[in-house]
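Understanding the architecture of this molecule
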Amino acid sequence: MKKYLAPAVALAATLAAGSSSAIEGPAAALQNRTIAYVLSSEYYALYQTKDAKAECPTGFNDGPREQFKMLFPDDGTKRTVVDTQLAREAEVWFPTLKPEAFPFKEAQSKIAPGANLDGKVGPNDFTSPTGEPGIDNQLYRAIGCIYNYRDGGELWIITTKWRQQHNFNRTIIELTDVDSLVNDDDVTVTTYRGLDKLMAGATGAEFLPGGSQRVDTRWGKEFIYKFHGKIVNGELITEQGELVLPEMAAFEDPSVLPYRSAMFKLKLTPEKAEGVIAGYFDIEGWYRQLNQGWATHHQSYGQESAPSLYRALYRLADAFPDKTGKNTAISGALDVKFTQVFVQHPPQETSEAPAKKLIQVAH
Amino acid sequence: MPLLNRKRLCLALGFTAAIALAACSGPTSEAAKSSAMAIKEPDGGTPKRLRLLTADQYLNTLAYVFGPDVSPETRFAPMTRTGGLLSVGTSLGGVTDAQMEQYQKTASAVATQVTNAGNRGTLVPCTPADAKAADPACAATFIAGVGRLLYRQPLTAARSKEFVDEAGEAAVRLKDFYAGLGVALEGMLLSPKVLLVTETSEPDPKNPGRERLDAYSYATRLSLFLWNAAPDDALLKAAESGELNTDQGRAKVVERMLTSPRLEAGMRAFFDDMFAFDDFNNLAKDNSIYPVFTGVTAADAREQTLRTVIDQLITKKKDYRDLFTTRETFISPSLAALYRLPASPGWTPYEFPADSPRVGLLTQVSFLSVHSHPGRSSATLRGKALREILLCQTVPRPPANVDFSAVENPPPNLKTARQRVGAHLSTPVCAGCHKITDPMGLALENFDGAGQYRDQDNGAPIDITGVLDGKEFSTVAQLGTVLHDHPQLPSCLVKRVFSYGTGSLTTAKDKDILAYLDARFAANGYRLPDLLRTIALSRAFSEVAPPPVKTAAAN
């Protein structure tokens, strides 16, 4: 494609120069055919218009407080805590798929960011904001009209904030076998959990490339996954595979965000990688992180009724059917930004090494 | 020409030849070494000084006397940089009311910490008979021990009694022995004899008609020079015993001090002073231009250079000139981001690869960022710093009517610093100075105002070729080598170390001793510990010269 040629050649030249470890500057990010990025921003991939009328023409969903008021109006009826507050609380932790009286407002837009996960263009699929058809993002239908996840909502604000603040959530992707950040038909992407803080700039408002992250190979083993992929015109596209992201939110109570199948689709530069981590979320796992990671008040302020959403997730689920044919996963995507980082792996120790040391000591 | 002057001239020429020989054939040349070692040490001393303790000297002394936990948060007024050193400025000027207030607050805080319930058991060597009353015997024990270390010599009986009486009176009034002791300690810490170093002399029995520093003054000069703190107990004992009055005794004491871990603190203080790192206290970068340069970066940049210097010169005892060609240094995570390197938490040793543009102190973030503007690099400031700080040359101040518009609002066609400062070279009033600063400053243009590497400036390639005092270079590594071989590089260090140690501006009268020290430094392979030893044991360091009639411009 001609229009990509000029910048592509320029960038390739820069990166080729950067292959020497002695050269500094942005090009130094790619060293020994390796470049890494740390996750610094994360939102659910939603298509949002300013007044929301296009995608949520009847408004946003009610949350726990609104539903409670409808179920138990202040009409003088005497009720017990067990029958009201605790009963609703139990529904959060023991949700059912039985129909409920509350209407659920699904996002109505035909546009949504994400990725074409199944390689097909179906009637329920979306078109991406850039015009790509076949986007699988049923999670958007489920949460697109819940204020919590929209611009300014409670979780919209603090999911990424706590991603940045808690080292538990430090997620790194390391790209190896990289010959070029512009076009490369075979690269390997490995995810790790990092151990260090993000490197903030002098203003504190942004995270900067060039920081360092040590890989957590001890407690972070469960977050190590490998993906094969390619880079086309500066965009990394991986094959799909299992992925679990650390997701600690409130009260130092760690949880995880489980994808049954995920892929990275990221525009790469020597300094950042931006795009989506798209895939099929395991519904039970996703629902668990919602309630384990976030407190009641987050759901209340964000007008997010967990029991109602649980029903919507299964209603819109589109992959990984169980033995009965019921889908157990829902397509979705995270809108992510990564910042270039230097990864430090722990020194490798061969299995013979400790024995040798002992022998030396004994002698 | 009078005979004496002719002899001096020959001697000076001899020194010059020895230095040149050493510089050409390297420190391993036995001929150069024996030639330099054969040079006789010239006569002459340095003036007695009245110096104000710096904040670091004060705090280092407190840390030795009372332990590192007694560390008041204090910031003394900045000194005036004189002859390239703040330490020389300590002997100029007075103490203002505001400074006295700061000293009083600090003294009060220290006295409270020393005598509080948590520390008194350790820091007061006796227990009063009644903690609510005066105890002259216990107070006298404490005051004698602490007073000797703070005053840098034993207290006179009369002075000691005054403090004991003061402690007793306060204890009675406050009904608290330790509160009374605190009052006396506060008084000691505020004493001019503690805050000011007053050097005193005595007739020199080996050189009739001449004066030498008395043993306590010599001990204090030695300790401030090598440790940046007041003398310790052993050094005071050496003064008391007369050991410091013998050549053998002095050599033994100086050797102990040079091998002490406290030498590191002393030399960090010296290089922090020589490199004018107090500029870091006011260093600010434009966050929008250099977002990666934070307050942590600035502190780490200063620390990186000091660590490198101590590692190379004290730990590894390397050639001073190699500081400007070495690729060995230390890295912290904050700095690593500027150098575009991975780093582990804390400080780790690091060696830049052979083809890296980072070589020597000139390419460290400290030098590059301090000698730049908040939002851009400065070939002129860097060139000026190189000449003034490292070569002890003087670059005249710009004329009052200088037109900065070519640099601050450059025409768009002037993309690189070389093009912008080129405007100076075509203006006669500017060219005189810029010709001596810009060529080597432009060699560092591959590094922006925060010290980050770049190969272009406003999209234009950067030309870093230049010339330093007749030696051409085309890479920054070559600039380091040219500087390494510059004869004024080691002699500038000699001048600064001598001036720092004696607390005096060097003048034309010091020409012979500086030439002698230059020759010995070269003969010893430009090793800093050897230079320190030579200076500390020199007659110029311990003998007293009459103060100059008028201050000569030393630089």
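Above this text sits the structure in question.
So, here's what we can say about the structure. (Residues numbered from 1 in each chain as written. Chains lettered and ligands numbered in written order. Predicted model: local features only at pLDDT ≥ 70, side-chain atom pairs only at ≥ 80, totals over all residues. Heavy atoms only, no water.)

All names here are of chain B. Interhelical geometry of helix 3 (residues 55-66) versus helix 5 (residues 97-115) gives an angle of 15 degrees and a closest axis separation of 12 Å. Compared by their axis directions, helix 3 and helix 5 come out roughly parallel. With respect to the hand of their crossing, helix 3 and helix 5 are arranged in right-handed fashion. The residues of helix 5 that touch helix 3, namely those facing Tyr 58, Leu 62 and Phe 66, are Thr 106, Ala 107, Val 110 and Val 114. A class-by-class count of the residues in the contact of helix 3 with helix 5 yields six nonpolar, one polar and no charged. (Axes fitted to C-alpha atoms, helices over the stretch in contact; angles between N-to-C directions. Helix = DSSP H or I, 4+ residues; strand = E, 2+ residues; numbered from the N terminus. Parallel < 35°, antiparallel > 145°, perpendicular 65-115°, else oblique. Left-handed = near helix turned anticlockwise from the far one by under 90°. Contact = heavy atoms within 4.5 Å. Nonpolar A, V, L, I, M, F, W, Y, C, P; charged D, E, K, R; others polar.)

Next up on the list: the interface of chain A and chain B. On the chain B side, the residues contacting the 25 residues of chain A number 23 residues. A buried area of about 1700 Å², summed over both sides, lies between chain A and chain B, and 56% of it is on carbon and sulfur atoms. Seen at the junction of chain A and chain B, the total is zero salt bridges. Here chain A and chain B share five residue pairs in polar contact (both at pLDDT 80 or more) between them. Elements with a minimum of two residues in the side of chain A that touches chain B: strand 4 (211-214) and strand 11 (327-344) of chain A. Broken down by element, the residue count for the side of chain A that touches chain B peaks at three residues, all from strand 11 of chain A. (Buried area = accessible area lost by both parts, 1.4 Å probe. Salt bridge = Lys/Arg side-chain N within 4 Å of Asp/Glu carboxyl O. Polar contact = N/O pair within 3.5 Å; in protein donor to acceptor, adjacent residues only side chain to side chain.)

Attention now goes to helix 3 of chain B. Residues and elements named next belong to chain B. The first and last C-alpha atoms of helix 3 sit 16 Å apart over 12 residues, in line with the 16 Å expected at 1.5 Å per residue. When we look at burial in helix 3, the residues that qualify are Ala 55, Gln 57, Tyr 58, Thr 61, Leu 62, Val 65 and Phe 66. All buried residues of helix 3 fall inside an arc of 165 degrees around its axis, so they share one side. Where helix 3 terminates, the next one or two residues include Gly 67, which has phi positive at roughly 95 degrees. (Expected span 1.5 Å × (residues − 1). Buried < 20%, exposed > 50% of the residue type's maximum accessible area, 1.4 Å probe, protein only. Arc of directions from axis to C-beta.)

This brings us to a negative patch on the surface. On the surface, Asp 177, Asp 185, Asp 186 and Glu 239 of chain A cluster together to form a negatively charged patch. Inspection of the secondary structure assignment puts Glu 239 of chain A in the loop between strand 6 (235-238) and strand 7 (241-246). (Patch = residues over 30% accessible without salt bridge, like charges linked within 9 Å, V, L, I, M, F, W, Y side chains within 5 Å. Areas by Shrake-Rupley, 256 points an atom, 1.4 Å probe, with all protein chains shown as cover. Lys, Arg positive; Asp, Glu negative; His and termini not counted. Charge placed at Lys NZ, Arg CZ, Asp CG, Glu CD.)

So, about the environment of Asp 282 of chain A. Residue and element names in this part refer to chain A. Of note, Asp 282 is situated in strand 9 (residues 272-282). On the basis of relative accessibility, which here comes to 19%, the residue Asp 282 falls in the buried class. Only 3.3 Å separates the side chain of Asp 282 from the side chain of Arg 260, close enough to count as a polar contact. For Asp 282, the side chain forms a polar contact with the main-chain nitrogen of Gly 285, separated by 2.7 Å.

Take the side chain of Gln 299 of chain A next. Residues and elements named next belong to chain A. Here Gln 299 lies in helix 7 (residues 296-301). Taking the relative accessible area as the measure of exposure, Gln 299 reaches 6% and is therefore buried. When sequence neighbours within four positions are dropped, the list of residues in contact with Gln 299 reads Pro 64, Asn 148, Leu 290, Asn 291, Trp 294, Glu 304 and Ala 306.

The next thing to look at is the state of the cysteines. Here is the idea: a disulfide is a covalent bond, and it sits between the sulfur atoms of two cysteines. Under the criterion given, the structure shown has three disulfides over all chains. Note that Cys 56 of chain A is cross-linked by a disulfide to Cys 145 of chain A, the S-S spacing being 2.0 Å. Sign of the S-S torsion, about -100 degrees for the bond between Cys 56 of chain A and Cys 145 of chain A, identifies this disulfide as left-handed. With a gap of 89 residues between them, Cys 56 of chain A in the loop between strand 1 (35-44) and helix 2 (64-71) and Cys 145 of chain A in the loop between helix 4 (138-143) and helix 5 (154-165) connect regions that are remote in the sequence. Between Cys 392 of chain B and Cys 492 of chain B runs a disulfide, and the two sulfur atoms are separated by 1.9 Å. Disulfide Cys 392 of chain B to Cys 492 of chain B: torsion about the S-S bond roughly 75 degrees, handedness right-handed. Here Cys 492 of chain B lies in helix 23 (residues 488-502) and Cys 392 of chain B lies in the loop between helix 18 (379-390) and helix 19 (405-408), a separation of 100 residues in the sequence. With respect to class, Cys 392 of chain B is no different from Cys 492 of chain B; both count as buried. The connectivity of the disulfide bonds within chain B can be written as 1-2, 3-4, using the sequence rank of each bonded cysteine. (Disulfide = S-S within 2.5 Å.)

A complete count under the given rule lists 45 salt bridges over all chains for this structure. The residue Arg 163 of chain A makes a salt bridge to Glu 247 of chain A at a minimum N-O spacing of 2.8 Å. With Arg 163 of chain A in helix 5 and Glu 247 of chain A in the loop between strand 7 and strand 8 (256-268), this residue pair connects regions lying 84 residues apart in the sequence. Residue classification places Arg 163 of chain A among the buried positions, given a relative accessible area of 1%. For Lys 316 of chain B, the salt bridge goes to Asp 311 of chain B, with nearest N and O atoms at 3.0 Å.

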